[in-house]
Amino acid sequence: MAIAKVVQGLVTGPVPVRFSAFDGSAAGPSDAAVGIEVRSERALSYLATGRNELGLARAYVSGDLEVHGDMYEALVAVNGLKLDQSWSGRYHALRDLGGLRLLNPPPRPPMEARLHGRRHSKERDQAAIAHHYDVSNRFYEWLLGPSMAYTCAVFPDAAATLEQAQFAKHDLVARKLDLQPGKRLLDVGCGWGGMVMHAAREYGVKALGVTLSRRQAEWAAKAIAEAGLSDLAEVRHLDYRDVPVSHYDAISSIGLTEHIGRAQLPGYFRFLQQRLRYGGRLLNHCITRPDNRDPGRYRRTFINQYVFPDGELEGVGHLIGVMNANGFEIRHEENLREHYALTLAQWSANLERHWEESIEEIGQSRARVWRLYLAGCRLGFERDQVQLHQVLGVRLDPRGGSGMPLRPSWP
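Remember, it's a predicted structure, so these values are computed and weren't measured experimentally. (Residues numbered from 1 in each chain as written. Predicted model: local features only at pLDDT ≥ 70, side-chain atom pairs only at ≥ 80, totals over all residues. Heavy atoms only, no water.)

Undergrad: I'd like a rundown of the overall build of the protein, residues and numbers included.
TA: What the protein contains, in helices and strands, is 16 helices and 13 strands. In terms of overall dimensions, the protein is globule-like: its C-alpha atoms have a radius of gyration of 23 Å, near the 22 Å expected for 411 residues. The C-alpha extent of the protein, read off along each of the three principal axes, is 75 × 40 × 40 Å. In the protein, buried positions account for 54% of the 411 residues. Put simply, 72% of the contacts in the protein that link residues at least 6 apart link residues at least 24 apart. (Helix = DSSP H or I, 4+ residues; strand = E, 2+ residues; numbered from the N terminus. Rg over C-alpha atoms; globule rule 2.2 N^0.38 Å. Buried < 20%, exposed > 50% of the residue type's maximum accessible area, 1.4 Å probe, protein only. Contact = heavy atoms within 4.5 Å.)

Written out as structure tokens, the structure reads:
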């Protein structure tokens, strides 16, 4: 039986997609904007043995499945489609192709993360961060643009450029933290040092950033020196748990909480609270779930296997509760999920502009991971499957003083 027809038969619901296969068969609307090409028998095995989207992702990352057309538009088109997950459905489909051997799982693509040791130990966290971040600083320069900010930007309006939006994000954090000349800022999970350099350059703040990525720290050190900010700004290759006790005026945590893990959150916020002076503020900026009904971590998913191994997402209510229970009075919260969708669209556009260069720099499989990941996350933020929240907390003094203004001092 024609392979394209069989693959189409494994999908439930309307199919606005053109399927084609290596046997020359085709199925679906001939004028469809999106095409899915099954390039090898191994792709069929990935589809037959992978759970949910993981089989599709493995086939695409390995090059055994091709998507024709814009990846984001392709995901929009197929978002409502589901593969028949029943073994009987798979059996009959594969029997028609004459090969139950297709139910033998192929080797996992080498791009999948393989971590060892106790989850969220320092050693395993280091390996998880290295898997995603220690790729190529040149690639990240192409992807992120001059800001080198790999977190949700804040768009003053829909016409703003990515650089304008990343500046606005850093400045919003600075104003929420009430940064002023002479104050001391600790930025945990500082990436390539964007917040550290913004605080030093724009506010005269003495800023220390720490990151588990050695390549990020090396890039940031060079950028700080070239900007003439070495007297105020510093980035160290350091686990946040090894930051010495010191009473900072403010702490920013931008995109780190997702890597901490639910069980470690109380200790994480206690640790940060102990490093703040009385009246000091913490701004926690992180991806969250819309609710806490499902697990915060699904082990066998594309995101966990290829992008953020050991990452965990919590609902904002849980995060606020843990912050409040571990030394922070909550003073402000906002959801910026639409801004993250816009940010991801800009990163995707950067990737496509540098597609051939990216393949040469990081390899085709890794480039495919990024193309799929950025488009999928954009759709997730647009459809409220994930959110991005900023939560501002303050460490009260022994008499309950917060040092906060009666009304917020930021727009």
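Undergrad: A description of the pattern of salt bridges should follow, citing residues and the corresponding values.
TA: Scanning the model with the defined rule gives 23 salt bridges in all. For Arg-58, the salt bridge is made with Glu-112, and the minimal N-O distance between the two is 2.5 Å. Separated by 54 residues along the polypeptide, Arg-58 in helix 3 (residues 53-61) and Glu-112 in the loop between helix 5 (87-97) and helix 6 (122-133) bring together distant segments of the chain. In this structure Glu-112 comes out as buried when scored by relative accessible area, which is 3%. (Salt bridge = Lys/Arg side-chain N within 4 Å of Asp/Glu carboxyl O.)

Undergrad: Which residues make up the packing of aromatic side chains, and what values go with them?
TA: For any pair of aromatic rings, the description rests on two quantities: the centre-to-centre distance and the angle between the ring planes. All chains considered together, the criterion is met by 15 aromatic pairs. Ring centres of Tyr-140 and Trp-192 lie 4.6 Å apart, and the angle between their planes is 50°; on these two criteria the pair is classed as tilted. Taken together, the positions of Tyr-140 in helix 7 (residues 137-144) and Trp-192 in the loop between strand 7 (184-188) and helix 9 (194-203) put the pair 52 residues apart, joining distant regions of the chain. As far as the burial class goes, Tyr-140 and Trp-192 line up, both buried. Summarising the aromatic geometry, the rings of Tyr-240 and Tyr-268 are spaced 5.0 Å apart at their centres and angled 90° between planes, so their arrangement reads as edge-to-face. Here Tyr-240 is found in the loop between strand 9 (233-237) and strand 10 (248-254), whereas its partner Tyr-268 is found in helix 11 (residues 265-273), with 28 residues between them in sequence. Across the pair, exposure class does not vary: Tyr-240 and Tyr-268 are buried alike. Here a set of aromatic residues connected by ring pairs shows up, and it is made of Phe-139, Tyr-140, Tyr-150, Trp-192, Phe-308, Tyr-340, Trp-347, Trp-370, Tyr-373 and Phe-381. (Phe/Tyr/Trp six-rings, centres within 6.5 Å; stacked < 30°, edge-to-face > 60°.)

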